Each structure stands twice: as C-alpha cells, then as structure tokens.
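The lines below spell out each chain.
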Amino acid sequence: MTVTTIDIPADSLFGLDNLPYGVFSPAGGLPRVGVRVAESVVDLAATLGDSVFSEPTLNAFMAQGRDQWVSVRNRITELVTSEIDSNAVFSVDSVTMHLPIAVADYVDFYASENHATNLGRLFRPDAAPLMPNWKHLPVGYHGRSSTVVVSGTDIVRPCGQRKAPDQESPDFGPSRRLDIEAEMGFIVGTPSKMGDSITPDEFAEHVFGAVVVNDWSARDIQAWEYVPLGPNLGKSFATSISPWVVPLLALEAARIDTPVQDPEPLSYLRGEEKWGLDIDLAVEWNGHVVSRPPYAQMYWSPAQMLAHTTINGAAASTGDLFASGTISGPDKDQRGAFIELTWGGKEPVAVGSETRTFLEDGDTIAISATAPGVGGSRIGFGDVHARILPATQTER
Ligand SMILES: O=C(O)/C=C/C(=O)CC(=O)CC(=O)O
Ligand SMILES: [Ca+2]
Ligand SMILES: [Mg+2]
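If you're wondering where the values come from, they're calculated on a predicted model, not measured in any experiment. (Residues numbered from 1 in each chain as written. Chains lettered and ligands numbered in written order. Predicted model: local features only at pLDDT ≥ 70, side-chain atom pairs only at ≥ 80, totals over all residues. Heavy atoms only, no water.)

## Considerations on the UniProt feature "binding site: Mg(2+)" (unreviewed entry) in the protein
- The residues that UniProt annotates with the feature "binding site: Mg(2+)" (unreviewed entry) are D215, K235 and T239. Over a stretch of 25 residues, the named residues converge on one spot in the fold, their C-alpha atoms separated by at most 7.7 Å.
- Looking at where K235 falls in the secondary structure, it is placed in helix α7 (residues 233-236).
- The buried category is assigned to K235, whose relative accessible area is 7%.
- Apart from residues no more than four positions distant in its own chain, K235 is found in contact with Y141, E181, D215, W216, S217, R219 and Q222. (UniProt positions renumbered as here; feature names shortened; annotations may be inferred. Helix = DSSP H or I, 4+ residues; strand = E, 2+ residues; numbered from the N terminus. Buried < 20%, exposed > 50% of the residue type's maximum accessible area, 1.4 Å probe, protein only. Contact = heavy atoms within 4.5 Å.)

Here you go:
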C-alpha cells in the first residue's frame, strides 16, 4: 500500500473544523460516501470499514444517530491527519458528486421576515404584507421530494398555466418568470415516531447537517395557481441542493440568537439552546455576484421549524429535508430571490454587462455559503449551481 498525507492550508474552507460528507464516485467507480478535506475527497468506504459508507446515500449513516456521528467525526480527524492509503484519496476535481441523501419528505418554510414582507407586497398588494399567523408559527408547505436534485443538474424551464393580470383566462407555455430562492436546508438523521414530537432543544439529536438550497420558482405559474392552498407546480419541477452536507457538529461557532421574537411564541416553539445561525450566502448570476443574503437575520430558527413540523404528531424520517425559505436581508443587495431584487421584474439588475429581470435560457446560477469555524477560521458549504435549459414541452 502506498500512503500519502493530505495538505490542509490554514485558510481552507474545508479544514478539520468542517469535514462535510457527500456521495461521490471516482472515474469508473460506484457511488460511495466520502468526506471532503481541503481539495481532497477521502473514501470512507475504503478507510473506515463500516458498510454504511458503501451505500449510495448518507441515510444509513445518518440513521445511526448522534453518538455515532460524533465518534465517526473523531475517527476521521485521526485518519486524515495521519498517513493514509493513497488509493482512498481523490482530488475533488476528479470525482462525480451525487445527490447525498435519499430525500424522504421535503418541507419548505418562509422564515425570513424581509422576504415574507416583500413577497406579501408583491403578491398581495391590497393586504397587510405579513399574514396574522406569521409571527406565531413558522409558515411552511410540503414540496416534492422526488425532484430534489444535486448541484450541477441542468434545470429545464418548466411549462404551465400562466395568467398575466391583463389576461382574461390562462394560456399554457414556458414560464416567463423563472426565479431562484437562496435558502439553507436541514437534513434529519435520527427519526421520530408518529405521535411523538421534537422539542427545539432536541434539534441536535435529530438533525445531521445542512446544505445550500436553490428552490427554483416559476412566478407566473405560482401567482395563478397558489390560491388558496399554496405553492404547487410553480415550485415542484426542481429543487437543487449542494453536494456536501456540513455536519451540525461543525456549526457550533456559527450558533447565534435569532432576532427578538415578539410576540413570544407558544411554549412548544421555545427552547434554551440558540439555533440562529451566522451563515453568509452569495448568489452568482452568470458569474457575477448579485446578492449576499444573511442567514443570521432569519426570524424562525431551524429548531423551531422541526418542532413545529412534528407538534401535531407527524413523524420525522431519516432523509427528511426541510428548507428555511428564501433568505433576504433588509438591504436590496441581500435579497435571495429575483422577484424581490427586481421588484416584480420592474427594476432590472445589472448582471455583468447585461441586465436581467428573471432567468433566461443558458443562464447559470451558483449559490455558495460560508460560516464561522473554530478559532476565527471559516468553513464552507461549497455551492449549489445549475444552468437553465430551454423548455422542452410543446404548447398544448
Ligand atoms: O408569499 C407567497 O405567496 C409565496 C412565497 C414564496 O414563494 C416563498 C416560498 O417558497 C417560501 C420561501 O422560500 O420563503
Ligand atoms: Ca422557497
Ligand atoms: Mg422547489
């Protein structure tokens, strides 16, 4: 066996304080679980000798629970700081990344006060921007788990019913208002039983890690269909996630208080633990940064979202994905969706030497995120990126 050591530059976003998990395949090889260290991917199936890492998803490992997540993280730290079998180490550029989890249920929340206020103004100009329930519970809807795809998957422009305000009846065709939503997603490892609920302070027992999410949204389809039951086909055609799952264990230094919650939420939504997160996102449109959404501003914490999801006795399953909702800060260049950034398409933004309102065919989007690590360092989530392809359906 030839051995190697992994070079970890002090300023790497993928240092020992991060160690995100993903599912990769080397050229000609089967998908298996790996961990990212600096610019390398370490094959855990080959090195840790536990069959859960030979699986094509993280689910079996995630289902083992938090004690095992802690113990494996410690073993990985030893493994990657010693001499290691060179056949188990790949350059990150040489491997194919796969969807890291088998997605069980997918729920999307609406936890940014700035975003909810902006969308309220844009979609419901004659009503109060925030609905009366908004500060009492984290509003959410169930999305479509089968169309959650990994970063790098092309997104085909969806077709559907469109009805502009000046049209008497809808027509059918490619969305003209295709948008992004920059979000963080949280993945359940330890399940709960139907009939039980998870308190906010039990969050870390159940949630394995976090990814960056792009919740693609066809605003014309959405605006027509959503009354009164909420988003459906305007969202269900695709949701993209980043390939590296950053363990919750790596986010200790990122934990902060949420903004003050007034009125005080009901007791099932209150806990002692801080689960606001100081994560900075960046949205690149055709390679140009157009927005920097701050997760630190999110009104509802992910711990409150999980508590709310289960308070009626609904079970949480290994592989459940729940997303925060679009992350928008108070400033214009912190808005996480283009419908807000361009104010309903009325204020085009500069994208390099061009201008845009919504996505055009051939456009590329990359959403990245970083957070504080240990001792002043930073950790990275990598990015979720994709290109828009033209609609393939014919008019009908
Ligand atoms: O306010 C509405 O009717 C619609 C809101 C959204 O489209 C946002 C959504 O998907 C949840 C979120 O990302 O915050
Ligand atoms: Ca969303
Ligand atoms: Mg979606």
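## Examining the coordination of the calcium ion (ligand 2)
- Taken together, the protein donors to the calcium ion (ligand 2) comprise D108 (OD), E181 (OE), E183 (OE) and D215 (OD), at separations of 2.2 to 2.3 Å.
- Viewed at the metal, the six donor atoms of the calcium ion (ligand 2) are separated by angles of 76 to 169 degrees, and the geometry they form is irregular.
- Each donor residue of the calcium ion (ligand 2) belongs to the same chain, with the gaps between them written as D-x72-E-x1-E-x31-D. Taken together, the residues D108 in strand β8 (residues 106-109) and D215 in the loop between β16 (207-214) and β17 (217-218) connect sequence positions 107 residues apart. Each member of the pair, D108 together with D215, is buried. (Donors = N, O, S within 2.8 Å, 3.2 Å for Na, K, Ca; no water. Tetrahedral: all angles 85-135°; square planar, octahedral: opposite > 155°, others 65-115°.)

## Some words on the coordination of the magnesium ion (ligand 3)
- With distances of 2.1 to 2.6 Å, the protein atoms coordinating the magnesium ion (ligand 3) are D215 (OD), K235 (O) and T239 (OG1).
- Written as a sequence motif, the donor residues of the magnesium ion (ligand 3) are D-x19-K-x3-T. Of this pair, D215 sits in the loop between β16 and β17 while T239 sits in strand β18 (residues 239-241); the two residues are 24 residues apart in sequence, bridging distant segments of the chain. Of the two residues examined, D215 and T239, each falls in the buried class.

## A look at the sheet that holds strand β28 (residues 378-389)
- Ordered in space as β11-β28-β27-β22-β23, the five strands form an open sheet in which the pairing is mixed. Edge positions in the sheet fall to β11 (155-156) and β23 (288-291), since each of these pairs with one other strand and no more.
- Relative to strand β27 (residues 364-372), strand β22 (residues 280-285) runs antiparallel, the two sharing six bridges. Looking at the pairing, D280 lines up with T370 of β27. (Pairing = 2+ DSSP bridges.)

## Things to note about helix α8 (residues 302-310)
- In terms of burial, α8 is largely enclosed, as seven of its nine residues are buried.
- For α8, the set of buried residues is P302, A303, Q304, M305, L306, A307 and T310.
- Residues of α8 that are buried in the fold lie against β8, β15 (182-188), α5 (203-206), β16, β21 (276-277) and β24 (321-323).

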